[in-house]
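What follows is each chain in one-letter form.
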Amino acid sequence: MVTLSSYHREGIADMDKTMPMSFICSTCGQTHEGFPALAFKAPAPWDWASEEERAANWKLQSDFCRFKDTDFYVRAVLALPIIGSDQTLEFGVWSTLSRTNFDRYWDSFEDDDQSKLGPMFGWFSNALPGYPETMGLKCQVLPQDHRQRPEVELEPTDHPLAIHQREGITLDEAAEYYHAHVAG
């Protein structure tokens, strides 16, 4: 399920929508501006597996996941731009990669210039609450430089999540999403 750091939500309905939201990071204890990323611990198929299946067939790490030697996943970031601001609502998500692309990404993981790998095709591998089925949406995984997690760019379809990624969401919509699916 979705997890997040401690989040200041007092007065969400009355807040000044032009002011950036802030939160206290559970890792460093510092106050940060913007929304904390909503992160999935693992790809959905890992969540669906029993403990026995996980122990026998899965290997989950912080940025990589494998099912046997057939399915390969990487942790990435899906960002929804917030209209009229430089902020985004971000999701820490998982995507599949082919074995070849997974190996390329794995082998260059310590490099500062991973963007040279270029876009890699994947299948979106989490179910985002509040959206119609998101599992299996076609996407591109875009490696980033300086050891940043790759970005996920959804195929431009009429799926509401793909539309929100292309066109953005309002600050009100971002706050409502947070309140409905995380803070509530």
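Just so we're clear, the structure is a prediction, and the values are computed from it rather than from any experiment.

1. Overview of the pattern of salt bridges
Under the criterion given, the structure shown has 8 salt bridges. In this structure, Arg-147 engages Glu-110 in a salt bridge whose closest nitrogen and oxygen atoms are separated by 2.9 Å. A residue pair is termed long-range when its members are at least 10 positions apart, and Arg-147 in the loop between strand 9 (138-142) and strand 10 (151-154) and Glu-110 in the loop between helix 3 (99-107) and strand 8 (120-123) qualify at 37 residues. What makes Arg-147 partly exposed here is its relative accessible area of 41%. Ionic pairing is found between Lys-116 and Asp-113, a salt bridge with its closest N-O pair at 3.5 Å.

2. Overview of the nonpolar core
Ranked by size, the top nonpolar core spans 30 residues in total, and within it Leu-78, Leu-89, Phe-91, Phe-124, Leu-128, Leu-154 and Leu-161 carry the most contacts. Listed by contribution, the elements that provide at least two residues to this core are strand 6 (71-81), strand 7 (88-97), strand 10, helix 4 (160-167) and helix 5 (171-183). Look past the residues within four positions of Leu-161 in its chain and what remains in contact with it is Leu-78, Leu-80, Phe-124, Leu-128, Tyr-131, Thr-134, Leu-137 and Leu-154. Core analysis: the next-biggest nonpolar cluster, separate from the first, contains 10 residues, Phe-72, Leu-97, Leu-117 and Val-141 among them.

3. Section: the environment of Tyr-177
With respect to the secondary-structure elements, Tyr-177 resides in helix 5. In this structure Tyr-177 comes out as buried when scored by relative accessible area, which is 10%. The sequence separation of Tyr-177 and Leu-89 amounts to 88 residues, and the corresponding C-alpha distance is 9.5 Å.

4. So, the packing of aromatic side chains
Applying the stated criterion across every chain yields a total of 12 aromatic pairs. With a centroid separation of 5.1 Å and an interplanar angle of 40°, the aromatic rings of Phe-72 and Phe-102 are classed as tilted. Residue Phe-72 is found in strand 6, and its partner Phe-102 is found in helix 3; the two are separated by 30 residues along the sequence. You can call Phe-72 buried: its relative accessible area is 3%. A relative accessible area of 0% places Phe-102 in the buried class. Aromatic pair Tyr-105 and Phe-109: ring centres 5.8 Å apart, planes at 70°, arrangement edge-to-face. Across this residue pair, the class does not change: Tyr-105 and Phe-109 are buried. Taken together, the aromatic side chains of Phe-64, Phe-72, Phe-102, Tyr-105, Trp-106 and Phe-109 make up a single cluster linked through ring pairs. If you follow Arg-54 out to its NZ or CZ, it ends over the ring of Trp-46, 3.9 Å from the centre. One residue, Arg-66, lies across the ring of Trp-106, its end atom 5.8 Å from the ring centre.

Reading the values: rules and limits
- Residues numbered from 1 in each chain as written.
- Predicted model: local features only at pLDDT ≥ 70, side-chain atom pairs only at ≥ 80, totals over all residues.
- Heavy atoms only, no water.
- Salt bridge = Lys/Arg side-chain N within 4 Å of Asp/Glu carboxyl O.
- Helix = DSSP H or I, 4+ residues; strand = E, 2+ residues; numbered from the N terminus.
- Buried < 20%, exposed > 50% of the residue type's maximum accessible area, 1.4 Å probe, protein only.
- Core = buried A, V, L, I, M, F, W, Y, C linked by side-chain atoms within 4.5 Å.
- Contact = heavy atoms within 4.5 Å.
- Phe/Tyr/Trp six-rings, centres within 6.5 Å; stacked < 30°, edge-to-face > 60°.
- Lys NZ or Arg CZ within 6 Å of the ring centre and 35° of its normal.

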